[in-house]
Amino acid sequence: MSLSPPTERIWWKEKIPTTELIWITIAFLWGLVMFFMMIYWHGAGEQNLSNEAYRISPANFTAKTQAMVDQYTVREESGYPVVHPPPGSDVYLIARLWQWWPILELEKDESYRLHISALDWQHGFSLQPVNINLQIHPGYEMVLTVTPDQLGDYGIVCNEFCGIGHHTMLGKMLVVE
Ligand SMILES: [Cu+2]
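Once a new chain begins, its residue numbering starts again from 1 and follows that chain's sequence as written. Residues qualify for local features only when their pLDDT is at least 70, as the model is predicted, and side-chain atom pairs are given and counted only at 80 or more; totals for whole chains, interfaces and linings, by contrast, use all residues. To obtain the side-chain values, all non-hydrogen atoms of the structure were included, while hydrogens and water were left out.

S.K.: Would you mind showing me how to read helix H1 (residues 18-44) here?
M.R.: The periodicity of an α-helix, 3.6 residues per turn, causes residues three or four places apart in sequence to face the same way. Strands are runs of DSSP state E lasting at least two residues, helices are runs of H or I lasting at least four, and both sets are numbered from the N terminus onward. Multiplying 1.5 Å by the residue count of a helix minus one yields the expected span of that helix. The terminal C-alpha atoms of H1 lie 38 Å apart, and with 27 residues this matches the ideal 39 Å at 1.5 Å per residue to within 8%. Consider a residue and the seven residues that end there alongside the seven that start there; fitting an axis to each set, the bend is the angle between those axes. Taken as a whole, H1 carries its principal kink of about 25° at Met38.

And the structure:
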């Protein structure tokens with residue numbers, strides 16, 4: 001069966017039925033409410049990350065991360081350097097096939113500038129169990145000001161499918177006194 005044309009030639013000038021008009025009005029008003037709630041929640045909802053993004057080359061990002069690792073590594077854990085940078089400093093985390101590198105050890109109630117970037121392709125940063133999620137792209141760094149307020153070992157999983165080793169892409173972040 002082929003499509004048949006509307007019976008009325010000027011179909012777009014037909015009167016809108018009352019029930020449809022009511023639904024259009026409700027949907028429009030609700031859309032308006034949600035639009036302003038979006039702005040309100042950004043400040044009061046404590047659910048949106050105020051992250052910044054900058055262009056950076058993978059080589060440049062690697063160099064900055066390596067410099068931090070060279071200077072502040074305190075020990076090793078299963079082949080990964082554990083880095084304890086000074087409070088207030090810039091800390092770097094690399095996402096690549098298939099690891100989060102290095103392990104960052106941060107102090108409780110101190111602020112850091114956390115930079116995250118990918119060296120190869122897209123990965124998803126997901127901090128567990130606090131559920132902080134960011135998309136990580138090569139060529140861009142995500143920068144967050146973080147102040148960890150609870151002690152513990154946090155897991156970092158990749159939640160953006162990135163190939164055969166995706167499920168093994170686990171990292172760690174430590175918050176200590
Ligand atoms: Cu992945």
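S.K.: Would you take a moment to explain the coordination of the copper ion for this structure?
M.R.: Looking at the copper ion, the protein donor atoms are Cys158 (SG), Glu160 (O), Cys162 (SG) and His166 (ND1), and they sit 2.0 to 2.5 Å from it. Every donor counted, the four donor atoms about the copper ion form angles of 87 to 125° at the centre, which fits tetrahedral coordination. Binding-site remark: the copper ion is held by donors from one chain whose sequence spacing is C-x1-E-x1-C-x3-H. In this structure, Cys158 and Cys162 share a single accessibility class: buried. Any N, O or S atom lying within 2.8 Å of the metal counts as a donor, with the limit raised to 3.2 Å for Na, K and Ca; because water is left out of the atom set, some sites can appear incomplete. Square planar and octahedral assignments, for four and six donors respectively, both demand that opposite donors be over 155 degrees apart and that all other angles lie between 65 and 115; tetrahedral needs four donors with all angles between 85 and 135 degrees, and anything else is irregular. Buried, partly exposed and exposed residues are distinguished by accessible area as a fraction of the type maximum, computed with a 1.4 Å probe on protein chains only: under 20%, between the cut-offs, and over 50%, respectively.

S.K.: Looking at this structure, how should I read the pairing of strand E12 (residues 170-176)?
M.R.: Along any regular strand the residues' side chains alternate between the sheet's two faces. For two strands to be treated as a pair, DSSP must find no fewer than two bridges joining them. Here strand E6 (residues 103-107) pairs with E12 via four bridges, running parallel. Looking at the pairing, Leu104 lines up with Met173 of E12. Sheet topology note: the strand E11 (residues 152-158)/E12 ladder contains six bridges and is antiparallel. Among the inter-strand pairings, Asp153 is bridged to a residue of E12, identified as Leu174.

S.K.: Would you mind showing me how to read the sheet that holds strand E8 (residues 123-128) here?
M.R.: In a beta sheet, neighbouring strands pair by backbone hydrogen bonds and run either parallel or antiparallel. Strand order in the open sheet formed by seven strands is E2-E3-E6-E12-E11-E8-E9, and the pairing between neighbours is mixed. Each having just a single partner strand, strand E2 (73-77) and strand E9 (132-136) make up the two edges of the open sheet. Each strand of the sheet is rotated relative to its neighbour by a mean of 25°, with strand direction disregarded. Structural elements are reduced to axes, namely lines fitted to C-alpha atoms, with helices fitted over the stretch in contact, and the angle between N-to-C directions of any two is expressed from 0 to 180 degrees.

S.K.: What is the right way to read the sheet that holds strand E1 (residues 52-55) from this model?
M.R.: Spatially, the five strands line up as an open sheet ordered E1-E10-E7-E4-E5, and their pairing is mixed. The outermost strands of the open sheet, each flanked by one partner alone, are E1 and strand E5 (99-101). Here the strands of the sheet are splayed against their neighbours by 25° on average, with no regard to which way each runs. The pairing of strand E7 (residues 112-118) with strand E10 (residues 140-146) spans six bridges and is classified as antiparallel. Bridged to Arg113 within E10 is Thr145. Note on contacts: a residue pair is in contact if any heavy atoms of the two residues lie within 4.5 Å. Relative to strand E4 (residues 90-96), helix H2 (residues 58-72) is tilted by about 120°, and along the sheet it contacts E4, E5, E7 and E10.

S.K.: Quick question: what am I supposed to make of unusual backbone geometry here?
M.R.: When glycine is set aside, most residues are seen to have a negative phi, and most peptide bonds are trans. Residue Pro102 is bonded to the preceding Trp101 through a cis peptide linkage, with omega at -5°. With respect to the helices and strands, Pro102 occurs in the loop between E5 and E6. In this model, Gln128 is joined to Pro129 through a cis peptide bond whose omega is 5°. In this model, Ser78 sits at a positive phi of 35°, which is unusual for a non-glycine residue. Positive phi values are uncommon outside glycine, yet Asn131 reaches one of about 60°. With respect to the helices and strands, the residue Asn131 is situated in the loop between E8 and E9.

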